[in-house]
Amino acid sequence: MSSDFDSLERSLEQHIPEDELREVKRILYGKELQKLEIPSAAQSIADSKDFEINGYRFGAQFETLRPPRIVRVGIVQNKIVLPTTECLNAQRSALHYRIADIISAAAAANVNILCLQETWHMPFAFCTREKMPWCQFAETIKEGPTVRFCQELAKHYNMVIVSPILERDETHGDVIWNTAVVISNSGKVLGISRKNHIPRVGDFNESTYYNEGNTGHRVFQTQWGKIAVAICYERHHPQSWMMYGINGAEIVFNPSATVGGLSEPLWGIEARNAAIANSYFTCAINRVGTEYFPNEFTSGDGQAAHKDLGHFYGSSYVAAPDGSRTPGLSRIRDGLLVTEMDLNLCRQVKDHWGFRMTQRLDVYADAITNALRPDYQPPVFGEPSD
């Protein structure tokens, strides 16, 4: 059922009476968002290339001393195109062609900043623990074909593109990183952000390939605002989300690859909660489909040997600092979600809720410093003994 169930939103629309549906959506998703009209050219591309396209608008209150700061953001979810048994170059090229089509639709929809899913240029093979052939997908920032591909598209469409890849670091011993490359609308690389937290759960055997990143919590100034990238497993760590906010991010992308049996009940909560707690926009992106590998694998968890990680359930969405969020994209189809947001909402929510003013970072800094000491004793108090 999981890999056939299209989306929670579609099920609600099919089974809840119309007069109740608006109230249900208000409770689930916050204030009702205005639908964004998708240009006919973009819709035509989506129809002919068989992917979903939806759009929504996040507004902000009018300010007399500050103009609106409008940006259109696109997030992309997709399946792999060819089986994992095909030659690697063919697999990567097929994904390049697929993404080129989707980005052309994003450009037709006037997207300014676009983010792709985690390691989008390859199957998510880290469950296998096999070094060959999958490590061959790793590429350098300066010469990598996927980086160059995205640079060309970014310059051609005047669009900032966040491209999460498997990085080969030739400068430091050919080690591999899970990295997001942030490319300016000029086509130049603004910088990179490496995955801060690596999962060690179930079939997610990623520490076989790469370690925790060493780039910290970088924020990138673009023409349309300050953005950051919290890759996949970082969404489970509130402290990581917090640091991007402290460093000034206004939009934080969370490109991911996660499966229904593991994380789906958490999916709609974590990025949305981060948007609320840190007064910025969050974009949760997940790949789609089930990827089968040539050889069976196990992960020491008592499960029978198998050839797939599970169903990647898509459901990509965007959340705002006021707690509102878009419906998710499909659980089973490729898709492009376009959102128009007024970044003035970030400061307006800070003023309204006062989360930053009441944050007490000094208290937590001292407490965490103490907790890291070898002789630390938690301040737990109980009834004194006689």
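A short tour of the structure in this document, coming up.

Examining the packing of helix α3 (residues 40–49) against helix α4 (residues 88–108)
Piece 1. Interhelical geometry of α3 versus α4 gives an angle of 155° and a closest axis separation of 7 Å. By the angle between their axes, α3 is roughly antiparallel relative to α4. In the packing of α3 onto α4, the handedness of the crossing is left-handed. Here Ala41, Ala42, Ile45 and Lys49 of α3 lie close against α4, whose contacting residues are Arg98, Asp101, Ser104, Ala105 and Ala108.
Piece 2. Per-class residue counts for the contact of α3 with α4 are 5 nonpolar, 1 polar and 3 charged.

Focus on the side chain of Glu118
Piece 1. You can see Glu118 is positioned in the loop between β4 (113–115) and α5 (145–157).
Piece 2. In contact with Glu118, other than residues within four places in its own chain, are Phe124, Pro164, Asn178, Lys195, Glu206, Tyr210, Ile231, Cys232, Pro255, Ser256, Ala257 and Arg287.

Focus: the packing of aromatic side chains
Piece 1. Tallied over the full model, the rule gives 11 aromatic pairs.
Piece 2. Arranged with centres 5.6 Å apart and planes meeting at 65°, the rings of Phe58 and Phe281 form a pair that is edge-to-face. One end of the pair, Phe58, is in strand β2 (residues 52–58); the other, Phe281, is in strand β11 (residues 281–286), and 223 residues separate them in sequence. We note that Phe58, like Phe281, is buried.
Piece 3. Each ring, one from Phe126 and one from Tyr209, has its centre 5.1 Å from the other, and the planes form 70°; the classification is edge-to-face. Residue Phe126 is located in the loop between β4 and α5, and its partner Tyr209 is located in the loop between β7 (189–194) and β8 (220–222); the two are separated by 83 residues in the primary sequence. Neither Phe126 nor Tyr209 differs from the other in exposure class; each is buried.
Piece 4. Members of the aromatic cluster, joined through ring pairs, are Phe124, Phe126, Phe204, Tyr209, Tyr210 and Phe312.
Piece 5. A cation over an aromatic ring shows up here: Arg287 above the ring of Phe312, its NZ or CZ 5.7 Å from the ring centre.

Remarks on a nonpolar patch on the surface
Piece 1. A surface patch of nonpolar side chains, amounting to about 430 Å² of accessible area, comprises Val363, Tyr364, Ile368 and Leu372.
Piece 2. Summarising the element assignment, Tyr364 is placed in helix α9 (residues 361–371).

Regarding the nonpolar core
Piece 1. Ranked by size, the top nonpolar core spans 33 residues in total, and within it Ile99, Leu114, Trp120, Ile161 and Leu336 carry the most contacts.
Piece 2. At the level of elements, α3, α4, α5, β5 (160–169), β6 (175–183) and β15 (335–342) are the ones that each hand at least two residues to this core.
Piece 3. Here this core gets 7 residues from one element, more than from any other, and that element is α4.

Observations concerning the sheet that holds β7
Piece 1. With respect to topology, 8 strands assemble into an open sheet ordered β1-β2-β15-β3-β4-β5-β6-β7, the strand pairing being mixed. Here the strands that pair on one side only, and so sit at the sheet edges, are β1 (34–35) and β7.
Piece 2. Note: β4 against β5, 3 bridges, orientation parallel. Within β5, the position partnered with Cys115 by the bridge is Val162.
Piece 3. Packed onto the sheet, α5 meets β5, β6 and β7 and runs at close to 165° relative to β5.

Regarding the pairing of strand β9 (residues 225–229)
Piece 1. Along β9, 4 of the 5 residues are buried, which leaves the element largely enclosed by surrounding structure.
Piece 2. Bridge count for β8 against β9 is 3 bridges, and the pairing is antiparallel. Note on β9: the bridge partner recorded for Gln221 is Lys226.
Piece 3. Once β8 ends, the chain turns through 2 residues before running back antiparallel as β9.
Piece 4. Of the pairings in the sheet, the one linking β9 to strand β10 (residues 251–256) comprises 3 bridges and is parallel in character. Looking at the pairing, Val229 lines up with Phe253 of β10.
Piece 5. Assessed by its sense of winding, the connection that carries the chain from β9 through helix α6 (residues 238–246) to β10 is right-handed.

About the thresholds
Residues numbered from 1 in each chain as written. Predicted model: local features only at pLDDT ≥ 70, side-chain atom pairs only at ≥ 80, totals over all residues. Heavy atoms only, no water. Axes fitted to C-alpha atoms, helices over the stretch in contact; angles between N-to-C directions. Helix = DSSP H or I, 4+ residues; strand = E, 2+ residues; numbered from the N terminus. Parallel < 35°, antiparallel > 145°, perpendicular 65-115°, else oblique. Left-handed = near helix turned anticlockwise from the far one by under 90°. Contact = heavy atoms within 4.5 Å. Nonpolar A, V, L, I, M, F, W, Y, C, P; charged D, E, K, R; others polar. Phe/Tyr/Trp six-rings, centres within 6.5 Å; stacked < 30°, edge-to-face > 60°. Buried < 20%, exposed > 50% of the residue type's maximum accessible area, 1.4 Å probe, protein only. Lys NZ or Arg CZ within 6 Å of the ring centre and 35° of its normal. Patch = residues over 30% accessible without salt bridge, like charges linked within 9 Å, V, L, I, M, F, W, Y side chains within 5 Å. Areas by Shrake-Rupley, 256 points an atom, 1.4 Å probe, with all protein chains shown as cover. Salt bridge = Lys/Arg side-chain N within 4 Å of Asp/Glu carboxyl O. Core = buried A, V, L, I, M, F, W, Y, C linked by side-chain atoms within 4.5 Å. Pairing = 2+ DSSP bridges. Right-handed = clockwise from strand over helix to strand, strands pointing away.

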